[in-house]
Amino acid sequence: MTASSDLPYPPFELANRVIELPSNDFAGYVHYEMAGRQTRDELLDLLPDGYTLEGRSLLDFGCGAGRTLRQFHEEASSARVVGCDIDRESIDWMQANLAPIEAVCSEVDPPLPFESGSFDFIWAISVFTHLTGNSAAWLMELHRLLKPGGLLMASYMGELNSEEVAGEPWDENRIGMNVLRHSQGWDVGGPMVLMSDWWVDEHWGRAFEIRKRHFAGGQTWALLEKKDVRLSADELMAAGDDPREIAALRHNVAQLQAEIDDLKSHQQGGSLARAGSALKRRASRLRRPD
Ligand SMILES: C[S@@+](CC[C@H](N)C(=O)[O-])C[C@H]1O[C@@H](n2cnc3c(N)ncnc32)[C@H](O)[C@@H]1O
């Protein structure tokens, strides 16, 4: 098997979809390579002491063109290494260039085409940070795919991201799972989801033991161990007794209302500007020739 730096790199356009590269040249790809190595190291750091990858089944959920997964190419001789993503072009590129790593083009909603209990370790880097209505269904799908006691690393945005994403200081009393820019396209980053640790404990904790957390790449990375439970997505999402559940929902309504107001004022600004230029054009046509 091959070290990542000896494997082909995806076209700039694909690489740049998952991480902003400084340039479309050697330096840009050094950045891509280093960032992938770092995510590999962060993942290994989170795993329990003595955890080995040999003979394991690994899944990178939302792998893009394999920024992180390519760093596990050497393990692919002694482990099953799989990635999935909804981005057809990225998956086509991986299938053509990163074998024996398996790459699967998945659907927007679950399920994935794997038997229950197929994987020992699944990770989802910067994916639950953008999933909205189907977030809980995906969490439970990954739960289904894990073997008993299997591990999931899912990253989420929280206190480090509040200013940038929501334009306000972090206050965990008003953040549960708060969705912003709900309909923003994937080409510009997709929807943005902020989560509090207490919310993750309450909801994800119904299906998983929260084993460990650390900050990496500007997000919280949580290592979760599958609990032996069967829950629907609705059961996972049902509000608990914590009064912050309601406070967070109320705040999310206010945040979305502010976004609507902002969009409206941009639209009005746009239509006022258009009306202004039309008037100018009409005025210039009405001007008498000297
Ligand atoms: C911010 S990128 C992160 C990519 C990769 N995990 C990394 O860290 O390089 C989010 C990825 O999630 C993928 N994605 C979004 N929704 C998905 C879904 N429902 N199932 C699988 N992948 C999805 C996107 O296509 C995109 O490649």
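What you are looking at is a predicted structure, and each value in this text was computed from that prediction instead of being measured.

Looking at where A248 falls in the secondary structure, it is placed in helix α8 (residues 244–286). Under the relative-accessibility criterion, A248 is labelled buried at 4%. Put simply, A248 and N173 are 75 residues apart on the chain and 7.0 Å apart in space, counted from C-alpha to C-alpha. Excluding its chain neighbours within four sequence positions, the residues that come into contact with A248 are R174, I175, G176 and N178.

Turning to the confidence of the model for the protein, a few remarks are in order. In this model, the protein carries a mean pLDDT of 93, and residues with pLDDT of at least 70 account for 93%. With pLDDT under 50 throughout, residues 285–290 is counted as low confidence; its partners more than four residues away or in other chains account for zero contacts.

As a further point, take the environment of S118. Along the chain, S118 falls in the loop between β3 (102–105) and β4 (119–124). Among the residues examined, S118 registers a relative accessible area of 15% and is labelled buried. In this structure, the C-alpha to C-alpha distance between S118 and K147, residues 29 residues apart in sequence, is 6.1 Å. Ignoring sequence-local partners within four residues, the contact set of S118 consists of S57, L145 and K147.

Conventions and cut-offs
- The residue numbering used here restarts from 1 in each chain and proceeds along that chain's sequence as written.
- Local features in this predicted model are restricted to residues whose pLDDT is 70 or higher, and side-chain atom pairs enter the listing and the counts only when it is 80 or higher, whereas totals over whole chains, interfaces and linings include all residues.
- Derived side-chain values reflect all non-hydrogen atoms in the structure, with water molecules and hydrogen atoms excluded from consideration.
- Runs of E in the DSSP output that reach at least two residues are strands. Runs of H or I that reach at least four are helices, and both are numbered from the N terminus.
- Here's how the labels work: a residue is buried when its accessible area is under 20% of the maximum for its type, exposed when over 50%, partly exposed in between, all with a 1.4 Å probe on protein chains only.
- It only takes one pair of heavy atoms within 4.5 Å for two residues to be counted as in contact.
- Every residue is assigned a pLDDT by the predictor, reflecting its confidence on a scale from 0 to 100.

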